[in-house]
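Next come the chains, spelled out residue by residue.
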Amino acid sequence: MGSVHADFNKQLLLDIHAPFVPTLDNFLPGRNVELLQLLKNVLLQQEKERFIYLWGNPGCGKSHLLQAMITEFAATGQNAVFFSADKQHDFLTSNDIDCVAIDDIDALNTSGQAELFRLYNQLRDESEAIFLVSGSAAPKYLDMRQDLVTRLGWGLVYQVHDLNEEEKIHALKKHATNSGFNLSQDVCLYLLQHGRRDLSSLMMIIDALDRYSLANQRHITVPLLRELLQVSS
């Protein structure tokens with residue numbers, strides 16, 4: 001029986017690192033309400049601008065939004081593709097593409113920047129595709145080739161604002177309530193101080209904490225959270 005219990009706990013810990021599926025619905029907007037509405041308008045074909053650049057600090061949610069848009073396009077049977085620039089510099093697409101998203105363009109080397117420039121021109125001249133790009137700074141502050149920076153600034157440019165601590169705590173407590181349990185202020189504060197600070201990771205830890213408490217028949221407390229974080233690190 002002990003072995004079964006240990007295996008179950010191990011699976012709960014593994015679930016902390018399970019893939020999180022970003023959607024527009026599970027994105028907490030905070031100060032990004034206007035941006036979220038813009039992206040919804042894009043999906044509803046109520047926005048004429050096809051080129052959108054998002055920038056902000058690591059963990060602010062820009063990757064979430066790009067991946068969510070690709071998911072939304074694909075869910076309606078459209079041809080959509082996501083690239084992470086820190087992993088891939090070859091952005092080959094077909095002319096019948098409906099949406100292209102490229103994340104973290106700061107990571108592009110010289111040849112990667114040339115490839116992005118080529119793709120931008122291809123999409124502008126040969127398709128009606130939506131083009132979503134993200135970086136760490138506004139276009140004019142990017143240390144990249146100038147003709148590319150200029151093009152990135154031609155479309156819509158939005159800063160993705162970080163959630164403040166109060167907004168994150170509100171989101172965590174709301175998520176817990178929707179899942180059928182309460183989350184104390186102390187547990188939220190400890191998690192923000194010792195866990196990853198992006199919201200998707202925080203949500204996954206809260207879900208795992210709920211399962212961990214049920215499996216061990218213990219209340220959700222700071223010591224229980226500390227134990228979970230220690231054994232899953």
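The structure this text deals with has already been given above.
For clarity, every value in this text was computed on a predicted model and none was experimentally measured.

1. Some remarks on the sheet that holds strand E5 (residues 156–159)
Strand order across the open sheet formed by 5 strands is E2-E3-E4-E1-E5, with parallel pairing between neighbours. In this open sheet, the two strands that pair with only one neighbour each are strand E2 (80–84) and E5. Sheet twist, expressed as the mean angle between neighbouring strand axes with direction ignored, is 15°. Across 5 bridges, the pairing between E2 and strand E3 (residues 99–103) is parallel. Opposite Ser84, over in E3, you have Asp103 as the bridge partner. Lying on the sheet, helix H3 (residues 62–75) is in contact with strand E1 (51–55), E2, E3 and strand E4 (130–135); it crosses E3 at an angle near 160°.

2. Regarding the packing of aromatic side chains
Under the criterion given, the structure shown has 5 aromatic pairs. Pairing Phe51 with Tyr120 gives two aromatic rings, centres 4.5 Å apart and planes at 35°, and the pair type is tilted. Of this pair, Phe51 sits in strand E1 while Tyr120 sits in helix H4 (residues 110–126); the two residues are 69 residues apart in sequence, bridging distant segments of the chain. Pair check on accessibility: Phe51 and Tyr120 agree, each one buried. The structure contains a cluster of three or more aromatic residues connected by ring pairs, namely Phe51, Tyr120, Phe131 and Trp154. Looking at Arg145, its charged tip hangs above the ring of Phe117, at a distance of 4.5 Å from the centre.

3. Comments concerning the pairing of E1
The two faces of the sheet receive side chains in turn, since in a regular strand these alternate between them. In terms of burial, E1 is a largely internal element, 4 of the 5 residues being buried. Of the pairings in the sheet, the one linking E1 to E4 comprises 5 bridges and is parallel in character. Each residue of the ladder has a partner; that of Ile52, found in E4, is Leu132. With 4 bridges connecting them, E1 and E5 associate as parallel partners. Counted as the bridge partner of Trp55 is Gln159 from E5.

4. A few points about the pattern of salt bridges
Scanning the entire structure with this criterion turns up 5 salt bridges. Taking the shortest distance from any N to any O, the salt bridge between Arg118 and Glu115 comes out at 2.6 Å. Placement of both Arg118 and Glu115 in helix H4 is noted, with a separation of 3 residues, approximately one turn of the helix. For Arg118, a relative accessible area of 31% gives the class partly exposed. One salt bridge in this structure joins Arg124 and Asp125, with 3.0 Å as the shortest N-O distance. Arg124 sits in the partly exposed class, given a relative accessible area of 32%. Look at Asp125 and you get exposed, because its relative accessible area is 53%.

5. Examining the nonpolar core
Counting residues in hydrophobic clusters, the biggest one holds 25 residues, and the most contacted among them are Leu172, Leu183, Leu191 and Leu225. Those elements giving two or more residues to this core turn out to be helix H6 (165–178), helix H7 (185–194), helix H8 (199–216) and helix H9 (222–232). Core analysis: the next-biggest nonpolar cluster, separate from the first, contains 24 residues, Ala85, Ile102, Leu116 and Leu119 among them.

Definitions and limits used
Residues numbered from 1 in each chain as written. Predicted model: local features only at pLDDT ≥ 70, side-chain atom pairs only at ≥ 80, totals over all residues. Heavy atoms only, no water. Pairing = 2+ DSSP bridges. Helix = DSSP H or I, 4+ residues; strand = E, 2+ residues; numbered from the N terminus. Axes fitted to C-alpha atoms, helices over the stretch in contact; angles between N-to-C directions. Contact = heavy atoms within 4.5 Å. Phe/Tyr/Trp six-rings, centres within 6.5 Å; stacked < 30°, edge-to-face > 60°. Buried < 20%, exposed > 50% of the residue type's maximum accessible area, 1.4 Å probe, protein only. Lys NZ or Arg CZ within 6 Å of the ring centre and 35° of its normal. Salt bridge = Lys/Arg side-chain N within 4 Å of Asp/Glu carboxyl O. Core = buried A, V, L, I, M, F, W, Y, C linked by side-chain atoms within 4.5 Å.

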